Amino acid sequence: MRLVGIQIQNFRSIIDSSEIRIEPFQVLVGENNAGKSNILHAINIFLTTGNAGVKDVDFNRLEEPIILTGKFGNLSIDERKKLRKYLLGEELIFEKSISIIEDESTRKNKVDTEYHGYIAEPKDWWLSTEKVIEHEDTN
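Predicted, not measured: the structure shown is a model, and the values here were computed from it.

Trainee: Could you give me a rundown of the side chain of D103, with the residues and numbers involved?
Mentor: The topology assignment puts D103 in the loop between strand 5 (91–102) and strand 6 (109–117). K110 provides the closest opposite charge to the buried, unpaired D103, separated from it by 4.2 Å. A polar side-chain atom of D103 sits 2.9 Å from a polar atom in the side chain of S105. Apart from the residues within four sequence positions on either side, D103 is in contact with K108 and K110.

Below you can see the structure in the form of structure tokens.
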């Protein structure tokens, strides 16, 4: 499994990158201050647990979260079996949302991180164990 794409929102100079495809060999070309280092830093933050040292200066707009959406592909057969209910097609999509919130005890701002992923639901209710139990409980 490897990271094959990332979308970066509200991080430093990047408002919304749209999806950036990531190849095994990647070259970023652009003028100075175009955001090349910001892309690399965002990938590092995405792949690091927790808030990865994000500070309020890393937000393009403080009132909106930094959202990093990564797409993993090239999964082995074993990985596809283990992660089947989390896959969208042949890919695992994972989102990291980083926000500034007020700590209730200290009243100071702190960085909070949430993770979101896709969980597949069968199209028909009778193909899902949870939905069958739910359906039986209502009858």
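Trainee: Explain the pairing of strand 1 (residues 2–11) to me, using residue names and the numbers behind them.
Mentor: Burial of strand 1 is extensive: seven of the ten residues sit out of reach of the surface. Strand direction decides the pairing type here: strand 1 and strand 3 (residues 66–73), joined by seven bridges, are antiparallel. When the sheet's bridge partners are listed, I8 is paired in strand 3 with L68. Across five bridges, strand 1 lies against strand 2 (residues 14–21) in antiparallel orientation. Within the sheet, the bridge partner assigned to Q7 lies in strand 2 and is E19. Two successive antiparallel strands, strand 1 and strand 2, enclose a turn made up of two residues, where R12 displays a positive phi of approximately 50°.

Trainee: For helix 1 (residues 36–47), give the residues involved together with the corresponding values.
Mentor: Compared with the 16 Å implied by 1.5 Å per residue over twelve residues, the 17 Å span of helix 1 between its first and last C-alpha is a close match. Taken together, the buried positions of helix 1 are N38, I39, A42, I43, I45 and F46. In an axial view of helix 1, the angular spread of the buried residues amounts to 160°, which keeps them on one side of the axis. Turned more than 90 degrees away from the buried face of helix 1, the exposed residues are S37, L40 and L47. Considering only its buried residues, helix 1 is in contact with strand 1, strand 2, strand 3 and strand 5.

Trainee: An account of the pattern of salt bridges is requested, with residue identities and associated values reported.
Mentor: This structure, assessed with the given rule, holds nine salt bridges. The residue E64 makes a salt bridge to R61 at a minimum N-O spacing of 2.9 Å. You can call E64 partly exposed: its relative accessible area is 37%. Take R61: its relative accessible area is 41%, and that puts it in the partly exposed class. The salt bridge partner of R107 is E102, with a shortest N-O separation of 3.0 Å. Residue R107 is classed as exposed on the basis of its relative accessible area, which comes to 58%. Salt bridges sharing common partners tie together E19, K71 and E91.

Definitions and cut-offs
One numbering rule holds for all chains: residues counted from 1, following each sequence as written. Given that the model is predicted, a residue must reach a pLDDT of at least 70 before its local features are reported, and side-chain atom pairs must reach 80 or more before they are shown or counted; all residues, however, enter totals for whole chains, interfaces and linings. Water and hydrogen atoms play no part in the side-chain values, which are based on all heavy atoms of the structure. Each helix corresponds to a stretch of at least 4 residues labelled H or I by DSSP, and each strand to a stretch of at least 2 residues labelled E; elements are numbered beginning at the N terminus. Exposure classes here rest on a 1.4 Å probe applied to the protein chains alone. A residue is buried below 20% of its type maximum, exposed above 50%, and partly exposed in between. Positive: Lys, Arg. Negative: Asp, Glu. His and the chain ends are not part of the count. Think of a salt bridge as a Lys or Arg side-chain nitrogen and an Asp or Glu carboxyl oxygen that are within 4 Å of each other. Any pair of N or O atoms that falls within 3.5 Å is considered a polar contact. Within protein, one atom must be able to donate a hydrogen and the other to accept it, and sequence-neighbouring residues count only if both atoms are side-chain atoms. The criterion used for residue contact is that any of the two residues' heavy atoms lie within 4.5 Å. Whether two strands pair depends on DSSP finding at least two bridges between them. One less than the residue count of a helix, multiplied by 1.5 Å, gives the span that helix is expected to have. The directions considered for the arc run from the helix axis to the C-beta atoms.

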